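# Summary of structural features
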Amino acid sequence: MLKLLSQYSKNRTAWFLLLLSAIVFESIALFFQHYQGLPPCTLCIYQRVAILGIAFASLIALFSPKNIIARVVGIFIWLYSAYCGFNLAFQQARLQFAPSFTDSCSINVQFPNWLPLNHWFPNVFNAYGSCADKLWSFLTIEMSQWMVIIFSCYMVLGILVLFANLCYPNKQFTVTVINKRDF
């Protein structure tokens, strides 16, 4: 399986699928915000940025998937973004289901001065909801719990792809077709 993952990670299709999944999740978040009227909270906005980090990672590797440096940089950004997103989603789920007096969620998003996304794109990156509100569920699972699952899947897949690239850095995996005449 690791050989196959290593081979796939050297292909543009795999990185395009990672990019496509991130675009789909961003689109779903914007759909919930603008068409369903669900107000995003601060942690939701930060999770969106983590998804954008995964999209950025896929773009790095998408441009040069056969280059080991581009691939490993993309994988590490992917893993870092998935890890941060997982922590944010877990914190939001904890706020919703097992709140503590020490848990808190700020009202305003705080981006660095060199990347003020909430000023550049206020319709996308401004938070005006509460982190503890349970606004949407599917199959009895709340949105924050779905995000924990999604970021967990991203992390597990990223770790597997990293190990595959460490175990099989330059080897090509090919499938051989055997004809009846070969016997």
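Structural notes, computed from the coordinates. (Residues numbered from 1 in each chain as written. Predicted model: local features only at pLDDT ≥ 70, side-chain atom pairs only at ≥ 80, totals over all residues. Heavy atoms only, no water.)

Bringing the overall build of the protein into the picture now. In terms of regular secondary structure, the protein is built from seven helices and two strands. The secondary structure elements of the protein, listed N-terminal to C-terminal, are α-α-α-α-α-α-β-β-α. For the protein, the residues scored as buried account for 38% of the 183 residues in total. Pairs at least 24 residues apart make up 80% of the contacts formed inside the protein by residues separated by at least 6 positions. Within the structure as shown, the protein displays about 11,200 Å² of accessible surface, and the carbon and sulfur contribution to it stands at 67%. (Helix = DSSP H or I, 4+ residues; strand = E, 2+ residues; numbered from the N terminus. Buried < 20%, exposed > 50% of the residue type's maximum accessible area, 1.4 Å probe, protein only. Contact = heavy atoms within 4.5 Å. Areas by Shrake-Rupley, 256 points an atom, 1.4 Å probe, with all protein chains shown as cover.)

Taken together, the side chains of Phe16, Leu17, Leu20, Val24 and Ile28 make up a nonpolar region of the molecular surface, amounting to roughly 420 Å² of accessible area. With respect to the helices and strands, the residue leucine 17 is situated in helix α2 (residues 12–34). (Patch = residues over 30% accessible without salt bridge, like charges linked within 9 Å, V, L, I, M, F, W, Y side chains within 5 Å. Salt bridge = Lys/Arg side-chain N within 4 Å of Asp/Glu carboxyl O.)

This brings us to the nonpolar core. In terms of nonpolar packing, the biggest core is built from 24 residues, with Trp15, Ile54, Ile75, Trp78, Phe151 and Tyr154 touching the most fellow members. Residue assignment for this core shows that the elements contributing at least two residues are α2, α3 (42–63), α4 (68–97) and α7 (143–167). The element best represented in this core is α7, accounting for eight residues. Among residues more than four places away in sequence, those in contact with isoleucine 54 are Leu18, Trp78, Ser81, Ala82, Phe151 and Tyr154. Core analysis: the second largest hydrophobic core is formed by six residues, Ile45, Val109, Phe111 and Leu117 among them. (Core = buried A, V, L, I, M, F, W, Y, C linked by side-chain atoms within 4.5 Å.)

Right, let's get into the packing of α2 against α7. In a packed pair of helices, the relevant descriptors are the angle between the two axes and the axis-to-axis distance. Put simply, α2 and α7 touch, their axes get as near as 13 Å, and they point 170° apart. The orientation of α2 relative to α7 falls into the category roughly antiparallel. Listed contacts from α7 to Leu18, Ser21, Ala22, Phe25 and Phe32 of α2 are Met143, Ile150 and Tyr154. Taken together, the residues of the contact of α2 with α7 break down into seven nonpolar, one polar and no charged. (Axes fitted to C-alpha atoms, helices over the stretch in contact; angles between N-to-C directions. Parallel < 35°, antiparallel > 145°, perpendicular 65-115°, else oblique. Nonpolar A, V, L, I, M, F, W, Y, C, P; charged D, E, K, R; others polar.)

This part is about the packing of aromatic side chains. Under the criterion given, the structure shown has five aromatic pairs. Aromatic pair phenylalanine 31 and phenylalanine 32: ring centres 6.1 Å apart, planes at 50°, arrangement tilted. Among the residues examined, phenylalanine 32 registers a relative accessible area of 13% and is labelled buried. These aromatic residues form a ring-pair network of at least three members: Phe31, Phe32 and Tyr35. (Phe/Tyr/Trp six-rings, centres within 6.5 Å; stacked < 30°, edge-to-face > 60°.)

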